[in-house]
Amino acid sequence: MTFEELRKIENELEQINKTYDIFREDTRLNHSPAARVEFLTTVHYIEQHLKPGMKILDIGAGAGEYSLHFAKNGYAVSALELADSNIRAFREKLTPALDVDLIQGNAMDLSRYDDESFDIVLLFGPLYHLHKAEDRQRCISEAKRVCKSDGTLFFSFIGHDMIFMTELSYDNSYFTSGDFNPETLRLNDFPFVFFTVPECREMLCAGGIHIQNEIASDGFSELMAERINTMDEEGYRQYLRYHFSICEKPELLGASNHLLFIGTK
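Note that the structure is a prediction, hence the values are computed from the model and not measured.

(A) Spatial organisation of the overall build of the chain. Counting secondary structure elements, the chain contains 12 helices and 10 strands. Over its C-alpha trace the chain gives a radius of gyration of 18 Å, about what one expects of a compact globule, namely 18 Å for 265 residues. Dimensions of the chain along its principal axes, counting C-alpha atoms only, are 50 × 50 × 35 Å. Every one of the 265 residues in the chain was classed for burial, and the buried ones make up 51%. Excluding contacts between residues fewer than 6 apart, the proportion of contacts in the chain whose partners are at least 24 apart in sequence is 73%. Here the chain displays about 12700 Å² of accessible surface, and carbon together with sulfur accounts for 49% of that area.

As structure tokens, then:
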């Protein structure tokens, strides 16, 4: 599968499915110390809301990085994922000892789950892909429905503004040949959909989500990956301390490839 072949797929769900034949979600969050920052940040915030016995729903679970982490720590996890390649990678990691219910399905239809049946609801990957506002709102509404009234929802987005800088770090000609509108400086939403910080807020507020935290989940980590990946253990530990100290600063939220929003019903 090539990018040109991917562009020709008109059915959005099929295009999402095939996107992960190109992008290896199985290794995205764990292939290097810099890549690991997003995962460590997200887990750091989820753990602040976890209590023993809580049930977790991981919508758009990818290859299972978060689901498996929390299952290994004794939590019951239900996971839903659309892409065939991610499902295969996830299943290869499952063991009978892990309390994970893995289902292949669409994040816009959670009818298999009862109302208010989960304490923690993670909605990460799906909002990377849905182009229509009504589909995104349907997805948010379903996540909200299955979350308990006193539960917590976590939403992940790909930030719009930092992508220019990280792409420039790979391609010196990006600003003359990159996949964006040179007049509006708006990225073309392919194969992912990008959002500014205000757009994320507006989307969640329109869905009736009360935002509690806004986090730059990977911050400068991809941009500085070459440096971060050669740090010794102590340097990396201190980098993470620094990252955690700035990742909620309003003036730095847009300087991140990924954004994490935490909210309640």
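(B) Unusual backbone geometry, seen in detail. The omega angle of the peptide bond from F190 to P191 is -5°, so this bond is cis rather than trans. For E116, which is not a glycine, the phi torsion comes out positive at approximately 50°. Here E116 shows up in the loop between β3 (100-104) and β4 (118-123). Of note, the phi angle at L185 is positive, near 55°, even though the residue is not glycine. With respect to the secondary-structure elements, L185 resides in the loop between β6 (180-181) and β7 (186-187). By relative accessible area, L185 is classed as partly exposed at 46%.

(C) Inspection of the packing of aromatic side chains at higher detail. Tallied over the full model, the rule gives 12 aromatic pairs. Aromatic pair Y66 and F124: ring centres 5.3 Å apart, planes at 70°, arrangement edge-to-face. With a gap of 58 residues between them, Y66 in helix α5 (residues 65-72) and F124 in the loop between β4 and α7 (133-146) connect regions that are remote in the sequence. We note that Y66, like F124, is buried. Taken together, a centroid distance of 5.9 Å and an interplanar angle of 20° make the contact between F164 and F175 stacked. Of this pair, F164 sits in helix α8 (residues 163-170) while F175 sits in helix α9 (residues 174-177), and the two are 11 residues apart along the sequence. An aromatic cluster is defined as three or more aromatic residues linked by ring pairs; in this entry it consists of F164, Y174, F175 and F180. A cation over a ring is seen here: R36 above F39, with NZ or CZ 3.9 Å from the ring centre. When the ring centre of F118 is taken as reference, the NZ or CZ atom of K55 above it lies at 5.4 Å.

(D) Structural context of α7. Compared with an ideal rise of 1.5 Å per residue, which puts 14 residues at 20 Å, α7 spans 20 Å between its outermost C-alpha atoms and is within 8% of the ideal. Inspection of α7 places D135, R136, C139, I140, E142, A143 and V146 among the buried residues, and these make up the whole buried set. Seen from one end, α7 has its buried residues packed into an arc of 160°, which puts them on one side.

The rules behind these values
- All residue numbers here refer to positions counted from 1 along the written sequence of the relevant chain.
- Whole-chain, interface and lining totals are the exception, using all residues; otherwise, since this is a predicted model, local features are given only for residues with pLDDT of at least 70 and side-chain atom pairs are given and counted only at 80 or more.
- Water and hydrogen atoms play no part in the side-chain values, which are based on all heavy atoms of the structure.
- Counting from the N terminus, the helices are the DSSP runs of H or I reaching at least four residues and the strands are the DSSP runs of E reaching at least two.
- The globule rule used here is 2.2 Å times the number of residues to the 0.38 power, and the radius of gyration it is set against is calculated over C-alpha atoms.
- Partly exposed describes any residue whose relative accessible area lies between the buried limit of under 20% and the exposed limit of over 50%, with all areas from a 1.4 Å probe on protein chains only and scaled to the type maximum.
- Contacts were defined at the residue level, with two residues in contact if any of their heavy atoms lie within 4.5 Å.
- Using a 1.4 Å probe, the Shrake-Rupley method yields the accessible areas, and only the shown protein chains count as cover for residues.
- The rule is short: rings of Phe, Tyr and Trp, with Trp giving its six-membered ring, pair when the centres are within 6.5 Å, and they are stacked under 30 degrees, edge-to-face over 60, tilted in between.
- By the criterion adopted, a ring carries a charge over it if an Arg CZ or a Lys NZ lies within 6 Å of its centre and within 35 degrees of its normal.
- One fewer than the residue count of a helix, multiplied by 1.5 Å, yields its expected span.
- Arc, as used here, means the arc of the directions from the helix axis to the C-beta atoms.

Fair warning: the whole summary comes from geometry, so function is off the table for now.
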